[in-house]
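# Topology and contacts: notes
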Amino acid sequence: MAALLTRFIPASLRAKADTWLFQKRGVDPGETFLAQRRVFILPSGAGMGFAALILTLLIGSINYSLGLGFALTFTMGTCAMVDIFLTYKNMAHLHLRPGRAQPVFAGEVAQFELHVVNRTKLDRYALWIDFIEAGEARHVTDVAAGASSAVILSAPSLERGWLAAPRIRLSTRFPLGLLRAWSYWQPDLSALVYPFPEENAPPLPISGVESADGHGHAGHDDFAGIRSYQPGDPMRHMAWRQIARLDPADGGQLVTKHFEGGAIDELVLDFNAMPTFMNLELRLSRMTRWVLDAEQRALPYAFRIGAIDFEASSGEAHQAACLRALALHGLGEAP
């Protein structure tokens, strides 16, 4: 079909049609409704062959005055007309709503959750949905009347910051496959991409020295982190919170709390204290690794970068705030 359009339609007219019909509308805020003007429909390859077959039957019936030939021709034509209506109805009047996008590290695959909502009394079948850059759609879903369906689409993340969801194409060939209806959607959805943690990074920059009496200010008195369980470790030193996160099937093992002499100074991850000869991205990558290492060892840590200064703490919320600051350093907070 595309080849026929390219051959018989002038380039200037094609450019105007692309500008008017298929122009990018920008980001669709909130929920999007697929009205009639947003649904496009054209014959598929099978539809073009079906049209050629009807034309051949019509010419043969006229030449030989075949009554049954006319009946078959018009019956097939009626089926094609009904298929046009049903294919359009299978796509139109749906609501599209963005879901959630979990943060990822640079180089990983970002997952975008999208919802197709059907508030009509008509079931929808074989709806293909994917990012335009993926080429042929890889995800298909059915949506019952008065229900919704969630679809997870994947896109690679190349650099830190906000990764906006690429433009999406929905299409269907239901019920006969003679026509293809499609629509475009640019959801207002972005995934936060953290810097990729440096491999083989130096140890955590613990600058404090142990006090003479074994007590200090870092952690909980003389608490120094966690380590693998060793026979003879007392049960009261078991790190139950970390053990609960481990899955023995994935190679997890028991861990215990490790105690040493207290440290006078707390663990501080200071971006400005890093060597100036390192480039920006490498420093952010190293800071990311240190945040993850400190959390893995359950060490409270302070965090400083630019105007951001977090007091010593630990936990998922503290880690997320630090990683967000690293991801958006120098880029701004939008969206």
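Attention in this report is confined to the structure presented alongside it. Fair warning: this is a prediction, and the values are worked out from it, not measured in the lab.

## Some words on helix H7 (residues 316–327)
Since there are 3.6 residues in each turn of an α-helix, residues three or four apart along the chain are aligned in direction. The terminal C-alpha atoms of H7, which comprises twelve residues, lie 16 Å apart, in line with the 16 Å expected from a rise of 1.5 Å per residue. Burial in H7 covers these residues: His 318, Cys 322, Leu 323, Ala 325, Leu 326 and Ala 327. Taken together, the buried residues of H7 touch strand E4 (104–105), strand E9 (161–164), strand E12 (190–194), helix H6 (280–296), strand E16 (301–305) and strand E17 (308–313).

## Observations regarding a nonpolar patch on the surface
On the surface, Ile 41, Met 81 and Ile 84 cluster together to form a nonpolar patch covering roughly 250 Å² of accessible area. Here Ile 84 is to be found in helix H4 (residues 67–91).

## Details of the sheet that holds strand E15 (residues 267–270)
Backbone hydrogen bonds are what pair the strands of a sheet, in a parallel or an antiparallel way. With respect to topology, three strands assemble into an open sheet ordered E15-E16-E17, the strand pairing being mixed. Only two strands of the sheet have a single partner each, and these edge strands are E15 and E17. When strand polarity is set aside, the average angle formed by the axes of neighbouring strands in this sheet is 10°. Across four bridges, E15 lies against E16 in parallel orientation. From the neighbouring strand, Leu 269 faces E16, where its bridge partner is Phe 303. With respect to the sheet, H6 is in contact with E15 and E16, its orientation differing from that of E16 by roughly 165°.

## Digging into the nonpolar core
Core analysis: the biggest nonpolar cluster contains 29 residues, and Phe 112 and Ile 168 have the highest contact counts within it. For this core, the secondary-structure elements that each account for two or more residues are H4, strand E3 (95–101), strand E5 (109–118), strand E6 (124–131), strand E8 (147–156), strand E10 (168–172), strand E11 (179–185) and E12. Per element, the largest residue contribution to this core is four residues, and it comes from E5. Grouped together as the second largest cluster of nonpolar side chains are 24 residues, Leu 204, Leu 284, Trp 290 and Leu 326 included.

## Section: the packing of helix H3 (residues 45–64) against H4
Look at H3 against H4: their axes get within 9 Å of each other, and the N-to-C directions meet at 155°. Put simply, H3 runs roughly antiparallel to H4. The two elements H3 and H4 cross, and the hand of that crossing is left-handed. Between H3 and H4, the contacting residues are Phe 50, Leu 53, Ile 54, Leu 57, Leu 58, Ser 61 and Ile 62 on the first element and Gly 69, Phe 70, Leu 72, Thr 73, Met 76, Gly 77 and Ala 80 on the second. When grouped by side-chain class, the residues that make up the contact of H3 with H4 number ten nonpolar, four polar and no charged.

## Comments concerning unusual backbone geometry
Looking along the chain, the bond that leaves Phe 174 and enters Pro 175 is cis, with omega of 10°. Located in the positive-phi region is His 93, a residue other than glycine, with phi close to 70°. Relative to the helices and strands, His 93 is located in the loop between H4 and E3. Although it is not a glycine, Asn 200 adopts a positive phi angle of roughly 55°. The topology assignment puts Asn 200 in the loop between E12 and strand E13 (223–228). For Asn 200, a relative accessible area of 79% corresponds to the exposed category.

## Quick notes on H6
End to end, H6 covers 25 Å across 17 residues, agreeing with the expected 24 Å (1.5 Å per residue, within 8%). On its buried face, H6 is in contact with E4, E15, E16 and H7. With a side-chain oxygen lying 3.3 Å from the backbone nitrogen of Glu 281, the N-terminal cap of H6 falls on Asn 279.

## Re the packing of aromatic side chains
Applying the stated criterion to the full structure yields seven aromatic pairs. Ring centres of Phe 70 and Phe 74 lie 6.4 Å apart, and the angle between their planes is 15°; on these two criteria the pair is classed as stacked. With Phe 70 and Phe 74 both in helix H4 and four residues apart, the pair spans about one turn of that helix. When its relative accessible area of 27% is taken as the criterion, Phe 70 is described as partly exposed. An angle of 25° between the planes, with centres 6.0 Å apart, marks the rings of Phe 303 and Phe 310 as stacked. Overall, the relative accessible area of 0% leaves Phe 303 in the buried class. With a relative accessible area of 26%, Phe 310 lands in the partly exposed category. Taken together, the ring pairs in this structure connect Phe 40, Trp 182 and Tyr 184 into an aromatic cluster. Lying across the ring of Tyr 184, Arg 167 places its NZ or CZ 4.3 Å from the centre.

Rules of the game
Residues numbered from 1 in each chain as written. Predicted model: local features only at pLDDT ≥ 70, side-chain atom pairs only at ≥ 80, totals over all residues. Heavy atoms only, no water. Helix = DSSP H or I, 4+ residues; strand = E, 2+ residues; numbered from the N terminus. Expected span 1.5 Å × (residues − 1). Buried < 20%, exposed > 50% of the residue type's maximum accessible area, 1.4 Å probe, protein only. Contact = heavy atoms within 4.5 Å. Patch = residues over 30% accessible without salt bridge, like charges linked within 9 Å, V, L, I, M, F, W, Y side chains within 5 Å. Areas by Shrake-Rupley, 256 points an atom, 1.4 Å probe, with all protein chains shown as cover. Salt bridge = Lys/Arg side-chain N within 4 Å of Asp/Glu carboxyl O. Pairing = 2+ DSSP bridges. Axes fitted to C-alpha atoms, helices over the stretch in contact; angles between N-to-C directions. Core = buried A, V, L, I, M, F, W, Y, C linked by side-chain atoms within 4.5 Å. Parallel < 35°, antiparallel > 145°, perpendicular 65-115°, else oblique. Left-handed = near helix turned anticlockwise from the far one by under 90°. Nonpolar A, V, L, I, M, F, W, Y, C, P; charged D, E, K, R; others polar. Polar contact = N/O pair within 3.5 Å; in protein donor to acceptor, adjacent residues only side chain to side chain. Phe/Tyr/Trp six-rings, centres within 6.5 Å; stacked < 30°, edge-to-face > 60°. Lys NZ or Arg CZ within 6 Å of the ring centre and 35° of its normal.

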